[in-house]
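Residues per chain, in single letters:
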Amino acid sequence: MADLDTALDLAKKNGFTHAAALKPDTLILMPEVREMCSSNSCGMYDKNWSCPPGCGTLEECQQKVSSYHSGILVQTMSKLEDCFDYEAMMKLEILHKENFMKFRIVLADYYPNLLSLGAGACTLCKKCTYPDAPCRFPEKSVSSMEAYGLLVNQICTDNGMLYYYGPSTMTYTSCYLLE
Ligand code: SF4
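Residues numbered from 1 in each chain as written. Predicted model: local features only at pLDDT ≥ 70, side-chain atom pairs only at ≥ 80, totals over all residues. Heavy atoms only, no water.

A. Structural view of the site of the ligand. Close to the ligand lie N48, W49, C122, L124, C125, C128, T129, C135, R136, F137 and S141, which account for all nearby residues. When the residues that make up the shell around the ligand are grouped by side-chain class, the tally is seven nonpolar, three polar and one charged. (Near = heavy atom within 4 Å. Nonpolar A, V, L, I, M, F, W, Y, C, P; charged D, E, K, R; others polar.)

B. Fine view of helix α1 (residues 4–13). Every buried residue of α1 is accounted for by A7, L8, L10 and A11. Projected down its long axis, α1 carries its buried residues within an arc of 160°, all on one side. The outward face of α1, more than 90 degrees from its buried face, is lined by the exposed residues D5 and K13. You can read the cap of α1 off the contacts: a side-chain oxygen lies 3.2 Å from the backbone nitrogen of D5, and it is on D3. Following α1 by one or two positions, G15 has its phi on the positive side, about 105°. (Buried < 20%, exposed > 50% of the residue type's maximum accessible area, 1.4 Å probe, protein only. Helix = DSSP H or I, 4+ residues; strand = E, 2+ residues; numbered from the N terminus. Arc of directions from axis to C-beta. Polar contact = N/O pair within 3.5 Å; in protein donor to acceptor, adjacent residues only side chain to side chain.)

C. Examining the state of the cysteines more closely. Overall, the coordinates contain zero disulfides when judged by the stated rule. In this structure C37 is not part of a disulfide, and its nearest cysteine sulfur, from C42, lies 6.5 Å away. Classification of C37 as buried rests on a relative accessible area of 17%. Sulfur of C51: no disulfide; nearest cysteine sulfur belongs to C42 and is 6.0 Å away. Take C51: its relative accessible area is 8%, and that puts it in the buried class. (Disulfide = S-S within 2.5 Å.)

This is how it looks when you write it as structure tokens:
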């Protein structure tokens, strides 16, 4: 098991621009966030095992989260040319997902029972099997923080981390719960 400082150091070495310790008591699972999911603005509600309702009820998510006593928050932040710089936004999304999945493997050596909560729906398969067949890769599939009812900007603030780095920047935030 790596201590938290080592895990934070490793996060930076694995491509994240920012990393901070996460206090598990700041993880407040909110029905309001799940309601935002059900408004389906991202188009993934009820379409993927990693998203509501496929990822479990809020109570089931709470039960999973409650068994962790430490964690880390990670971010990939980038400057954009302007707020229409969609190419940079898409590159950043891909980079953050790559960082996140790569570092998950690194951390799993130290914390085999970690819970990873990413940004966006699971995209491991070209087409998710939901709801017709079980998830193809339950060990690898990752839900988003929002799917667990977590309000990302509140969690950043409560853990001394910025959520917004100023005009013409974009940031993706994810977390790992460690045990
Ligand atoms: S691993 Fe495949 S089947 Fe499982 S949630 Fe992700 S996309 Fe869906």
